[in-house]
Amino acid sequence: MHKRIFNSFAGLVLISIVALAALFSILFMNAAQTHEMAAVRDKAYLVSGLLNSGTFEYGERLNVGNIRMTIIAPDGWALFDNHAGADLSANRSDRIEFIEAIIHGSGESIRNSDTLGADTYYYAIRLSNGNVLRLSQTMNSLGEVFPSILPNLVIITMAILGLAYFTTYRLTRRIIKPLAAVDFENTDAITDSVLRESLYEELWPYVKKIDHQKQEIANQMMTLKSRAETIEAIIANMREGLVLLDEKGLVMVANKSVLDIFDIPKEQDIIQKNIRHIYRDTEFVQAVKQCLEGAHLETNFARNGRVYNVFLNPVINDENSCGAIIFFLDTTEQFKAETQRREFTANVSHELKTPLTTISALSEMMASGMVKATDVPDFAIKISDHTKRLINIIDDIIRLSEFDESKVEKEFSTFDIYELAKSVISALQEKAAERSVTIELTGQQLKLNANKRLLDELMYNLIDNGIKYNKEGGNVTLNLSEENGWCKISVTDTGIGISKEHQGRVFERFYRVDSSRSKKTGGTGLGLSIVKHITEHHSGKVVLESIEDMGTAVVCYIAIKPLVSA
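Analysis parameters
Residues numbered from 1 in each chain as written. Predicted model: local features only at pLDDT ≥ 70, side-chain atom pairs only at ≥ 80, totals over all residues. Heavy atoms only, no water. Helix = DSSP H or I, 4+ residues; strand = E, 2+ residues; numbered from the N terminus. Buried < 20%, exposed > 50% of the residue type's maximum accessible area, 1.4 Å probe, protein only. Contact = heavy atoms within 4.5 Å. Areas by Shrake-Rupley, 256 points an atom, 1.4 Å probe, with all protein chains shown as cover. Pairing = 2+ DSSP bridges. Axes fitted to C-alpha atoms, helices over the stretch in contact; angles between N-to-C directions. Left-handed = near helix turned anticlockwise from the far one by under 90°. Nonpolar A, V, L, I, M, F, W, Y, C, P; charged D, E, K, R; others polar. Phe/Tyr/Trp six-rings, centres within 6.5 Å; stacked < 30°, edge-to-face > 60°. Lys NZ or Arg CZ within 6 Å of the ring centre and 35° of its normal. Expected span 1.5 Å × (residues − 1). Polar contact = N/O pair within 3.5 Å; in protein donor to acceptor, adjacent residues only side chain to side chain. Salt bridge = Lys/Arg side-chain N within 4 Å of Asp/Glu carboxyl O. Disulfide = S-S within 2.5 Å. Core = buried A, V, L, I, M, F, W, Y, C linked by side-chain atoms within 4.5 Å.

So what's going on with the overall build of the chain? Residues and values would help.
Along the backbone of the chain there are 16 helices and 17 strands. Across the 566 residues that make up the chain, the buried fraction comes to 36%. Taking the contacts inside the chain whose residues are at least 6 apart along the sequence as the reference set, 57% of them involve residues at least 24 apart. Only carbon and sulfur atoms are counted for the fraction: they give 55% of the accessible area of the chain, which is about 33600 Å².

In structure tokens form, the structure reads like this:
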């Protein structure tokens, strides 16, 4: 700003000086010419007076200096000319000054002289004898005079310029000083009364307006920064993956979930890189290409044991695609749930179909008379067994559906689980005796607050499995103990055990390690799944340890007192 003001002032002064010098020169030349013309007129009147008085004759020498004197007869022919080499044969009756002198007594004109080749001033006076006296003088032009005055003019101009430079510099600083004193970064300084007095009154409204705009911009910047930080925080903490691409497919933004999906250590490793180079799956690359061309797409892919639903949406600007937004939704749990639902539906259909088919066949044979009277009791027993199996399966399915829909009531009460275990063992003694399996109860008296009916079912299922999958003459041990505020229910058998490849799935619904053995023993494949749900219903956990052909131990941890979140 200082430089611009200084240059403006300096330019203005320079133009003013040049214009003044030019104007002064013109005025000077006009004044000089006017003075010369007056001198010619004065001499003309002086000479005419002398000639009219008869003091001098035409031929006598008059001292008129460097002025040319010509006597012209009324008919325009020159009678006398003091200019050496003058052409007296030329008629001058058409000259303006001559015509005006004949008519009005005097006349003047300025014209370029063919003889002298310069502008000449002519003044003519009619004499008493009718002749015309004409005096003429060549006038100096500006171009002739200017070179002689140029040195002085340059010296004067340089002196004025030097003074103007100093004055302009001081004036510029004086103008800028109040403005330079304004600290727009410090709002309090702007409202200072001392500053207001030193600042130009005309500028004060603009200063206040600038300060107001500054405050608005600061507020808007804070708002934008807050929004940007909020958006960044939301994107960074999203469980879902989010990627923003430019029109070339280069990654502009990628949140942490995307880095985890593609096993990328740092965000810098993906930014400004083509998404096609990061994940080279053909279907995914083709979907990205179509999205950048303006298509809305949805696809799926699996990676690192997870299943993702991918939504690809183009970013449209003026009907042109200028990028894409890719959204990765982890649908692993939904996928597993859907898979389990399909498997559950298939298993339920299979489990129900087998006994129903048997019951239907036996009933039709009995109704058609194909069964001997002596075989009817055996058929009836088989129908009853399969019916009981159906009832057990349906009861277990209903119980699991109640857990799934959180319809199982807490119904907690305080009781001694040791006494409850005795009743459970008593109910299974007959079944254990049939397989020559011994049931043993160890541990201590332990009171806890829980759902008595569900814990009865939990211990019943665990001991029942220990009997079903035990060896002839084997043993099942139920141990009850307290461990860090938890009731530890441990059921150990000496049965056939479970191989390691099956241990991770035994708590799934309808999963059987040995289907043929399960059918023989009447198992539904839902017992351990129900045990797991009952344990989780009490905010606990279940642990299984097993060695093939040596036995299995299932440990359930139940809170002695209900947890706050329970």
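Hey, could you go over the sheet that holds strand β15 (residues 486-493) for me, with residue numbers and the actual values?
Strand order in the open sheet formed by five strands is β12-β14-β15-β17-β16, with mixed pairing between adjacent strands. Looking at strand neighbours, the two that pair on one side only are β12 (438-443) and β16 (541-547), the edges of this open sheet. Across this sheet, the average inter-strand angle for adjacent strands is 15°, counted without regard to direction. Across six bridges, the pairing between β12 and strand β14 (residues 475-483) is parallel. The partner of Thr 438 across the bridge, within β14, is Asn 475. Against the sheet, helix α12 (residues 417-434) makes contact with β12, β14 and β15, and its axis sits at roughly 170° relative to β12, the strand it touches most.

Hey, could you go over the packing of helix α13 (residues 452-468) against helix α16 (residues 527-537) for me, with residue numbers and the actual values?
Two elements in contact, α13 and α16, have axes separated by 9 Å at closest approach and are oriented at 145°. For the pair α13 and α16, the crossing hand works out as left-handed. The residues of α16 that touch α13, namely those facing Leu 454, Leu 455, Glu 457, Leu 458, Asn 461, Leu 462 and Asn 465, are Gly 527, Leu 528, Ile 530, Val 531, Ile 534, Thr 535 and His 537. Split by residue class, the contact of α13 with α16 holds eight nonpolar, five polar and one charged.

Give me the lowdown on the pairing of strand β7 (residues 251-254), citing residues and values where you can.
When a strand is regular, its side chains alternate between the sheet's two faces. One ladder, built from three bridges, connects strand β6 (residues 241-246) with β7; its direction is antiparallel. Paired with Leu 245 across the two strands is Val 251, which belongs to β7. Hairpin connection between β6 and β7: a loop of four residues separates the two successive antiparallel strands, and Gly 249 in this loop has a positive phi of roughly 90°.

Can you tell me about the packing of aromatic side chains, naming the residues and giving the values?
A complete count under the given rule lists three aromatic pairs for this structure. Here the aromatic rings of Tyr 45 and Tyr 123 are separated by 5.9 Å at their centres, their planes lie at 55°, and the arrangement is tilted. With a gap of 78 residues between them, Tyr 45 in helix α1 (residues 2-53) and Tyr 123 in strand β4 (residues 119-126) connect regions that are remote in the sequence. By relative accessible area, which is 46% here, Tyr 45 ends up partly exposed. Directly above the ring of Tyr 122 sits Arg 111, whose terminal nitrogen or CZ lies 4.0 Å from the centroid. For Lys 541, the ring lying beneath its charged end belongs to Tyr 557, and the centroid distance is 5.4 Å.

Which residues make up α13, and what are the values?
Over its 17 residues, α13 runs 24 Å from end to end, which matches the ideal 24 Å to within 8%, given 1.5 Å per residue. α13 sits mainly inside the fold: 12 of its 17 residues count as buried. Taken residue by residue, α13 has Leu 454, Leu 455, Glu 457, Leu 458, Met 459, Asn 461, Leu 462, Ile 463, Asp 464, Gly 466, Ile 467 and Lys 468 as its buried positions. Measuring from the side-chain oxygen of the N-cap residue of α13 to the backbone nitrogen of Arg 453 gives 3.2 Å; that N-cap residue is Asn 451.

Pulling in residues and values, what's your account of unusual backbone geometry?
Positive phi, close to 55°, is recorded for Ser 436, a residue that is not glycine. Mapped onto the elements, Ser 436 comes out in the loop between α12 and β12. The class for Ser 436 is partly exposed, based on a relative accessible area of 39%. Positive phi is not limited to glycine here, since Asn 484 has a value of about 55°. For Asn 484, the location among the structural elements is in the loop between β14 and β15. The class for Asn 484 is exposed, based on a relative accessible area of 73%.

Would you mind going over the environment of Ile 534 in detail, with residue names and values included?
If you trace the backbone, Ile 534 turns up in helix α16. The spatial distance from the C-alpha of Ile 534 to the C-alpha of Cys 556 is 9.6 Å, given a sequence separation of 22 residues.

Describe in detail the pattern of salt bridges, supporting the description with residues and values.
Evaluation of the coordinates by the stated rule reveals 11 salt bridges. In this structure, the salt-bridge partner of Asp 94 is Arg 95, at a minimum N-O distance of 2.8 Å. Here Asp 94 falls in the exposed class, since its relative accessible area comes to 52%.

Let's hear about the state of the cysteines: which residues, and what values?
Evaluation of the coordinates by the stated rule reveals zero disulfides. Lacking any disulfide linkage, Cys 487 is separated from the closest cysteine sulfur, that of Cys 556, by 9.7 Å.

Got a sec to walk through the nonpolar core? Specific residues and values, please.
Looking at soluble globular proteins, one finds that nonpolar side chains tend to be buried together. Judged by nonpolar contacts, the single largest core of 42 residues is most densely connected at Ile 417, Leu 455, Ile 463, Leu 478 and Ile 489. The element best represented in this core is α12, accounting for eight residues. In contact with Ile 417, other than residues within four places in its own chain, are Leu 446, Leu 448, Leu 455, Met 459, Leu 480, Cys 487 and Ile 489. Residues Phe 262, Tyr 279, Val 288 and Leu 312 belong to the second largest nonpolar core, which totals 24 residues.

Outline the pairing of β6, listing residues and values.
Among the six residues of β6, five are classified as buried, and the element is accordingly described as predominantly covered. Where β6 lies against strand β10 (residues 320-330), six bridges are found, and the strand directions are antiparallel. Each bridged residue has a counterpart across the sheet, and for Leu 244 the counterpart in β10 is Ile 325.

Which residues make up α16, and what values go with them?
Burial within α16 is extensive, with nine of its 11 residues counted as buried. All of the buried residues along α16 are Gly 527, Leu 528, Ser 529, Ile 530, Val 531, His 533, Ile 534, Thr 535 and His 537. At the C-terminal side of α16, Ser 539 shows a positive phi close to 60°.

Tell me about the sheet that holds strand β9 (residues 306-317), residues and numbers included.
Hydrogen bonds between backbone atoms are what pair the strands of a sheet, whose relative direction is either parallel or antiparallel. Strand order in the open sheet made by the five strands is β7-β6-β10-β9-β8, with antiparallel pairing throughout. Each edge of the sheet is formed by a strand with only one pairing partner; in this case those strands are β7 and β8 (297-303). Taken over all neighbouring pairs, the strand axes of this sheet differ in orientation by 20° on average, direction set aside. Sheet strands in contact with helix α9 (residues 282-292) are β6, β8, β9 and β10, and its direction is about 140° off that of β10.

Before we move on, could you go through the packing of α12 against α13 and cite the residues and values that matter?
For any two helices packed against each other, the geometry is given by the interaxial angle and the distance between the axes. Packing of α12 against α13 leaves a shortest axis separation of 9 Å and a crossing angle of 35°. For the pair α12 and α13, the crossing hand works out as right-handed. From α12, Ile 417, Leu 420, Ala 421, Ser 423, Val 424, Ile 425, Ala 427, Leu 428, Lys 431 and Ala 432 reach across to α13, where they touch Lys 452, Leu 455, Asp 456, Met 459, Tyr 460, Ile 463, Asp 464, Ile 467 and Lys 468. Grouping the constituent residues of the contact of α12 with α13 by class yields 13 nonpolar, one polar and five charged.

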